[in-house]
Protein chains: 2
Amino acid sequence: MNTLPEHVRPVPLEKAYRLLNHGPTVLVSAADGARRNVMAAAWSMPVDFNPPKVAVVIDGATFTRELIEASGELVLSVPCRESAEMTMQVGTVGARDLTEDKFSRFGIATFAGSKVSAPLIRDCVAWLACQVLPHPGNEQAHDLFLATVVAAYADERVFTDGHWHFETAPEALRTLHYVAGGHFYAIGDPLVVRTDGLPG
Amino acid sequence: MNTLPEHVRPVPLEKAYRLLNHGPTVLVSAADGARRNVMAAAWSMPVDFNPPKVAVVIDGATFTRELIEASGELVLSVPCRESAEMTMQVGTVGARDLTEDKFSRFGIATFAGSKVSAPLIRDCVAWLACQVLPHPGNEQAHDLFLATVVAAYADERVFTDGHWHFETAPEALRTLHYVAGGHFYAIGDPLVVRTDGLPG
């Protein structure tokens, strides 16, 4: 059994979709033996509730893609304001342009989850460990990967009992929503729409 | 040539991905002849830049799905704080449980775009008119639809020159990011990460 970092708690699989439901930018990490990498991806989403499944677009030229195809696994880590610079670094610099791996180059700390060997990225607020559901047609034509979530975690300071609590957590823990050219928006204020008054 | 509503401007297709890149919840509308419907979907994302393509999950039991399969077209409209109640209404009530269509029932105004016959939803801030790329395997196994964006529009008060400007627009125009159970977050503050200082 792993010892998880402080504040990191398992999330029940049936609630895992909620970690991505509001559309955050993610980090995608993968490992194949001693080879490992991490990149940023703005294009991911849930595709099923239970068992939870996700979709993510991973460019065919990336080293992360090579590792995912070799291992059949990937991890989505959800970065936040405090990891915005790291998100741009791993999203802008290609592993093949470096002489050391991105973790060493950018001082990125990781931890181990259960079920998959790919590293989970520290200084994030949620994590989804996934096994790829092979769909060669999607992968080749659209760089689109489907995967089953086999373990999920969140930072208890900002996600508990199946709900995000950005409004009562430190600002640094708000998720990032990328637009382009280094421009992000952080997630903002909560809004509750009562459903019991809906006309039937 | 259509006359677009006040503040609605065409978006160049190569910038259309930016309308969804930050992960907003969307409305999905479709029409087949005189039959038309609209539903909410939290699960959509871009999958390509140019030509722009999107992915969206559409439950097999919905009337919207039937109309999409009949017409090969769909429209994604991006709602905002001022359309939060309507988003919950069309996301909670099924068309088949109503004796009139949702547009009449909930007083939803629409307008016409070019290229597709499905209605664009008023009181939203961005619109993507799409033609379905048939992938029967994805549709049947995962309720996952891929589509090419053939026309795009945005409200010039909040999206101009290829960029969102939530911070200088009325609060009512901030996009919605759904979690569960009527709980949304609005998009928040901008964050710019300089890339020119990145280690190479």
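A.B. asks: If you had to explain the side chain of A:Thr25 to someone new, which residues and values would you point to?
C.D. replies: Residue and element names in this part refer to chain A. Take Thr 25: it is sitting in the loop between β1 (8–10) and β2 (26–32). The exposure class of Thr 25 is buried, given its relative accessible area of 4%. A polar contact of 2.9 Å, which involves the side chain of Thr 25, links it to the backbone nitrogen of Tyr 178. The residues contacting Thr 25, other than those within four sequence positions of it, are Ala 41, Ala 42, Val 78, Pro 79, Thr 87, Leu 176, His 177 and Tyr 178.

A.B. asks: Could you give an account of the environment of B:His22, with specific residues and numbers?
C.D. replies: Summarising the element assignment, B:His22 is placed in the loop between β1 (8–10) and β2 (26–32). For the pair B:His22 and B:Glu100, spaced 78 residues apart in the sequence, the C-alpha separation amounts to 34 Å. Apart from residues no more than four positions distant in its own chain, B:His22 is found in contact with A:Gly23, A:His177, A:Tyr178, A:Val179, B:Trp164, B:Phe166, B:Thr175, B:His177 and B:Ile187. A distance of 3.0 Å separates polar atoms of two side chains, one belonging to B:His22 and the other to B:Thr175.

A.B. asks: Any chance you could break down the sheet that holds strand β14 (residues 183–192) of chain B for me, citing the residues and the numbers?
C.D. replies: Taking strand neighbours across the sheet as the criterion, the four strands line up as β13(A)-β14(A)-β14(B)-β13(B) in an open arrangement whose pairing is antiparallel. Of all the strands in the sheet, the pair left with one neighbour each is β13 (176–180) of chain A together with β13 (176–180) of chain B. Strand-to-strand twist in this sheet, taken as the mean axis angle between neighbours without regard to direction, amounts to 40 degrees. For β13(B) and β14(B), the ladder comprises four bridges, and the chain directions are antiparallel. By the bridge assignment, B:Tyr178 is partnered in β14(B) with B:Phe184.

A.B. asks: Describe the interface of chain A and chain B, listing the residues and the values that go with them.
C.D. replies: On the chain B side, the residues contacting the 58 residues of chain A number 58 residues. Counting the surface lost from both chain A and chain B, the interface buries some 5100 Å², and carbon and sulfur atoms represent 65% of this. Sorting the residues of chain A by area buried against chain B places A:Trp43, A:Tyr185 and A:Leu191 first, and these three jointly supply 17% of that buried surface. At the junction of chain A and chain B, the tally comes to zero salt bridges. Across the chain A-chain B interface, the total number found is 25 residue pairs in polar contact (both at pLDDT 80 or more).

A.B. asks: Quick rundown of the relation of the copies chain A and chain B? Include the residues and the values.
C.D. replies: Superposing chain A onto chain B requires a rotation of 180 degrees together with a translation of 0.0 Å along the rotation axis, leaving an RMSD of 0.0 Å. Given the turn and translation reported, the copies of this chain are related as if by a two-fold rotation axis.

A.B. asks: Could you give an account of empty space enclosed by the protein, naming the residues involved and the relevant values?
C.D. replies: One pass over the structure, following the stated rule, counts two cavities of 30 Å³ or more. The computed volume of the largest cavity comes to approximately 70 Å³. As for the largest cavity, its lining consists of A:Leu20, A:Gly23, A:Pro24, A:Ala42, A:Ser44, A:Met45, A:Pro46, B:Leu20, B:Gly23, B:Ala42, B:Ser44 and B:Met45. If you tally residues by element for the lining of the largest cavity, the top one is strand β4 (residues 44–49) of chain A, at three residues. Of the residues contributing to the lining of the largest cavity, the split by class is eight nonpolar, four polar and no charged. Taken together, A:Ala16, A:Tyr17, A:Leu20, A:Pro46, A:Asp48, A:Pro52, A:Lys53, A:Val54, A:Leu128 and A:Val149 form the lining of the second largest cavity. Those elements that place two or more of their residues in the lining of the second largest cavity are β4 and β5 (52–57) of chain A. Top element by residues in the lining of the second largest cavity is β5(A). It accounts for three residues. In terms of residue class, the lining of the second largest cavity is made up of eight nonpolar, no polar and two charged.

Scoring rules and cut-offs
- Residues numbered from 1 in each chain as written.
- Chains lettered and ligands numbered in written order.
- Predicted model: local features only at pLDDT ≥ 70, side-chain atom pairs only at ≥ 80, totals over all residues.
- Heavy atoms only, no water.
- Helix = DSSP H or I, 4+ residues; strand = E, 2+ residues; numbered from the N terminus.
- Buried < 20%, exposed > 50% of the residue type's maximum accessible area, 1.4 Å probe, protein only.
- Polar contact = N/O pair within 3.5 Å; in protein donor to acceptor, adjacent residues only side chain to side chain.
- Contact = heavy atoms within 4.5 Å.
- Pairing = 2+ DSSP bridges.
- Axes fitted to C-alpha atoms, helices over the stretch in contact; angles between N-to-C directions.
- Buried area = accessible area lost by both parts, 1.4 Å probe.
- Salt bridge = Lys/Arg side-chain N within 4 Å of Asp/Glu carboxyl O.
- Least-squares fit on C-alpha atoms with pLDDT ≥ 70 in both.
- 1 Å grid on protein atoms, 1.4 Å probe; cavity = no way out; pocket = protein on both sides within 12 Å on 5 of 7 lines; lining within 4 Å.
- Points joined across faces, edges and corners; volume = space filled by probe spheres on them.
- Nonpolar A, V, L, I, M, F, W, Y, C, P; charged D, E, K, R; others polar.

Remember that the coordinates give geometry; whether it matters functionally is a separate question.
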